[in-house]
Amino acid sequence: MISADVNDDGKQDLVTANLFRSVSVLVNDGHGSFAPYRDFAVEGDASFVAAADLDGDGGLDISDAVATLGFLFLGARPSFPAATEAPRTLRT
């Protein structure tokens, strides 16, 4: 699990690596709690997650480590909780 500001609102959100082929994001509601989690599919059981600007667009992206390396390109999307884009997965 990591904390990262995934929706660019200045609050630390939570990102977890899960068994059963998913990564979950819990957005900080700013009132001491988190919105219900959103799962994003990955190609294997995620071992860990990391956050960085992987594609150079100035926005935070999430990477998971599994047998393949997956990327969830968030970019600078303040509307992240409503996003429907599936993760992009790159084989290594």
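Residues numbered from 1 in each chain as written. Predicted model: local features only at pLDDT ≥ 70, side-chain atom pairs only at ≥ 80, totals over all residues. Heavy atoms only, no water.

**Looking at the overall build of the protein chain**
For the record, the criterion: For helices the rule is a DSSP run of H or I covering at least 4 residues; for strands it is a run of E covering at least 2, with both sets numbered from the N terminus onward. Throughout, exposure labels follow a simple rule: accessible area from a 1.4 Å probe, protein chains only, divided by the maximum for the residue type, with under 20% read as buried, over 50% as exposed, and the rest as partly exposed. By definition in these notes, contact holds between two residues if any of their heavy atoms fall within 4.5 Å. For the accessible areas, the method is Shrake-Rupley and the probe is 1.4 Å, while residue cover comes only from the protein chains on display.
Along the protein chain, the regular secondary structure elements total zero helices and eight strands. The buried share of the protein chain, taken over its 92 residues, is 39%. A sequence separation of at least 24 residues applies to 25% of the contacts in the protein chain between residues at least 6 apart. Entry remark: accessible area of the protein chain is about 5,200 Å², with carbon and sulfur atoms responsible for 55%.

**Structural notes on the sheet that holds strand E3 (residues 22-26)**
To keep it simple, the criterion reads: At least two bridges found by DSSP between two strands is the condition for calling them paired. For helices, the fitted line uses only the C-alpha atoms of the stretch in contact; every axis is such a line through C-alpha atoms, and the angle between N-to-C directions lies from 0 to 180 degrees.
The strand order across the open sheet formed by four strands is E1-E2-E3-E4, and the pairing between neighbours is antiparallel. Each having just a single partner strand, strand E1 (2-4) and strand E4 (38-41) make up the two edges of the open sheet. Neighbour-to-neighbour, the strand axes of this sheet turn through a mean angle of 25°, independent of strand direction. Examined bridge by bridge, E1 and strand E2 (residues 13-18) share three bridges and lie antiparallel to one another. Paired with Ala-4 across the strands is Asp-13, a residue of E2.

**Focus: the confidence of the model for the protein chain**
The condition that has to hold: For every residue, the predictor assigns a confidence score, pLDDT, that lies between 0 and 100.
Per-chain confidence: the protein chain averages 74 in pLDDT, with 71% of residues scoring 70 or above. The lowest-confidence element of the protein chain is strand E8 (residues 88-90), averaging 42 in pLDDT; the highest-confidence one is E1, averaging 93. This model gives residues 75-92 a pLDDT under 50, and the stretch forms 43 contacts once residues within four places in sequence are excluded.

**Examining the environment of Ser-47**
With respect to the helices and strands, the residue Ser-47 is situated in the loop between E4 and strand E5 (48-52). The spacing of Ser-47 and Arg-21 is 26 residues in sequence and 9.9 Å in space, taken between C-alpha atoms.

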